[in-house]
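What follows is the residue order along each chain.
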Amino acid sequence: MPDFMTALSSPAKTALRGACLALPVLVMATASFAAGGGDSSPPQPTETTKECKTGRIWDEQKKRCVKIKNSSLDADGLYQTLRELAYAGRITDAQEVLAMMPDQDDGRVLTYWGFTHRKLGNQDLAEAYYTRAIAQDPGNHLARSYMGQGFVSQGKYGLALAQWKAIRAHGGTGTWAEVSLRDALQDGQTKSY
């Protein structure tokens, strides 16, 4: 069991061990999508992260790197770009792309605002975005997984476990969101996508 177990009380250890033992071993990541990206694997690098400098992204219409605010990408293109930027660790650029999304109340946009704020260390703000996304859709497995991973990084394993249970209760058993949170609970490592 992870090192955090030493800090837990005996009843808490017993409960957490039981929950972890009940977790599925088989990863069935094809049932869901990591960060809404279309599959459970990390995003593939494009010219945006291979060629464009900070503050710029690849514009397919213009066939060159452009300032983020000058991009001609549609909402789906912006979303794929922000996912790629976040995975590459260009969180500030990802947030600039997020600010361009036409529907700021969209669940995936709220989820990614939470994700990027968590990566920047703004835990309270991240949690507020995740909470808004979950209020819109209690079955938003990704928001719950990312929120849970934030709790893991803060050592709040009970809160993370509650999010894992909620994912399962909302039909997310075997999804990338459930498996990645389970893994974070077990080894303390969170995902970047």
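Check the entry above for the structure.
## Some remarks on the overall build of the protein chain
Part 1 of the reasoning: Counting its secondary structure elements, the protein chain contains 9 helices and 2 strands.
Part 2 of the reasoning: When the elements of the protein chain are put in sequence order from the N terminus, they spell out α-α-β-β-α-α-α-α-α-α-α.
Part 3 of the reasoning: Residue pairs in contact within the protein chain that sit at least 24 positions apart in sequence constitute 56% of those at least 6 positions apart.
Part 4 of the reasoning: For the protein chain, the computed accessible surface area is about 9,300 Å², with 52% contributed by carbon and sulfur atoms.

## What about the nonpolar core?
Part 1 of the reasoning: If you look at the biggest cluster of nonpolar residues, it comprises 38 residues, and the most contacted ones within it are V97, L98, Y112, Y130, V152, L181 and L185.
Part 2 of the reasoning: Put simply, the parts of the chain that give this core at least two residues each are α3 (75–87), α4 (91–100), α5 (107–119), α6 (123–136), α7 (141–153), α8 (157–169) and α9 (176–187).
Part 3 of the reasoning: It is α7 that contributes the most residues to this core, 6 residues altogether.
Part 4 of the reasoning: Among residues more than four places away in sequence, those in contact with V152 are Y157, A160, L181, A184, L185 and G188.

## Things to note about unusual backbone geometry
Part 1 of the reasoning: The phi dihedral of K63 is positive, around 55°, even though this residue is not glycine.
Part 2 of the reasoning: Inspection of the secondary structure assignment puts K63 in the loop between β1 (56–59) and β2 (64–67).

## A closer look at the packing of aromatic side chains
Part 1 of the reasoning: Scanning all chains against the criterion turns up 5 aromatic pairs.
Part 2 of the reasoning: When the ring centre of Y79 is taken as origin, the NZ or CZ atom of R108, which lies over that ring, is 4.1 Å away.

## Here we look at α5
Part 1 of the reasoning: End to end, α5 covers 18 Å across 13 residues, agreeing with the expected 18 Å (1.5 Å per residue, within 8%).
Part 2 of the reasoning: Taking burial as the measure, the 13 residues of α5 include 11 buried ones, the bulk of the element.
Part 3 of the reasoning: Listed as buried for α5 are G107, V109, L110, T111, Y112, W113, G114, F115, T116, H117 and R118.
Part 4 of the reasoning: Contacts from the buried residues of α5 go to α3, α4, α6 and α7.
Part 5 of the reasoning: The opening residue of α5, the one whose side-chain oxygen lies 2.9 Å from the backbone nitrogen of R108, is D106.
Part 6 of the reasoning: Phi for G121, located one or two positions after α5, is positive at around 90°.

## A few points about the pattern of salt bridges
Part 1 of the reasoning: A complete count under the given rule lists 7 salt bridges for this structure.
Part 2 of the reasoning: We note a salt bridge from R108 to D76, for which the minimum N-O separation is 3.0 Å. Of this pair, R108 sits in helix α5 while D76 sits in helix α3; the two residues are 32 residues apart in sequence, bridging distant segments of the chain.
Part 3 of the reasoning: Among the residues examined, D76 registers a relative accessible area of 48% and is labelled partly exposed.
Part 4 of the reasoning: Among the ionic pairs, R182 bridges to D183, the shortest N-O distance being 3.0 Å.
Part 5 of the reasoning: What makes D183 partly exposed here is its relative accessible area of 21%.
Part 6 of the reasoning: One salt-bridge network, held together by shared partners, links D76, D106 and R108.

Calculation rules
- The numbering scheme is per chain: residues are counted from 1 as the chain's sequence reads.
- In keeping with the model being predicted, local features are shown solely for residues with a pLDDT of at least 70 and side-chain atom pairs are shown and tallied solely at 80 or more, while totals for entire chains, interfaces and linings include all residues.
- Based on all heavy atoms of the structure, the side-chain values leave hydrogens and waters out of the count.
- Helix and strand assignments follow DSSP, with helices taken as H or I runs no shorter than four residues and strands as E runs no shorter than two, numbered in order from the N terminus.
- By definition in these notes, contact holds between two residues if any of their heavy atoms fall within 4.5 Å.
- Values of accessible area rely on a 1.4 Å probe in the Shrake-Rupley scheme; residue burial ignores everything except the protein chains shown.
- Nonpolar core, defined: a set of buried Ala, Val, Leu, Ile, Met, Phe, Trp, Tyr and Cys residues in which side-chain atoms within 4.5 Å join the residues together.
- Note on exposure labels: buried denotes an accessible area under 20% of the residue type's maximum, exposed denotes more than 50%, and partly exposed covers the range between, all computed with a 1.4 Å probe on protein chains only.
- For Phe, Tyr and Trp, rings pair up if their centres lie within 6.5 Å, where Trp contributes its six-membered ring, and each pair is then called stacked (planes under 30 degrees apart), edge-to-face (over 60) or tilted (otherwise).
- We call a charge positioned above a ring when the Lys NZ or Arg CZ atom is no farther than 6 Å from the ring centre and deviates by at most 35 degrees from the ring normal.
- Take the residue count of a helix, subtract one, and multiply by 1.5 Å to get its expected span.
- As used in this structure description, the phrase polar contact means that two N or O atoms lie within 3.5 Å; if the pair is within protein, one of them must be able to donate a hydrogen and the other to accept it, and residues adjacent in sequence are counted only when both atoms belong to side chains.
- In what follows, salt bridge is the name for a side-chain nitrogen of Lys or Arg lying within 4 Å of a carboxyl oxygen of Asp or Glu.

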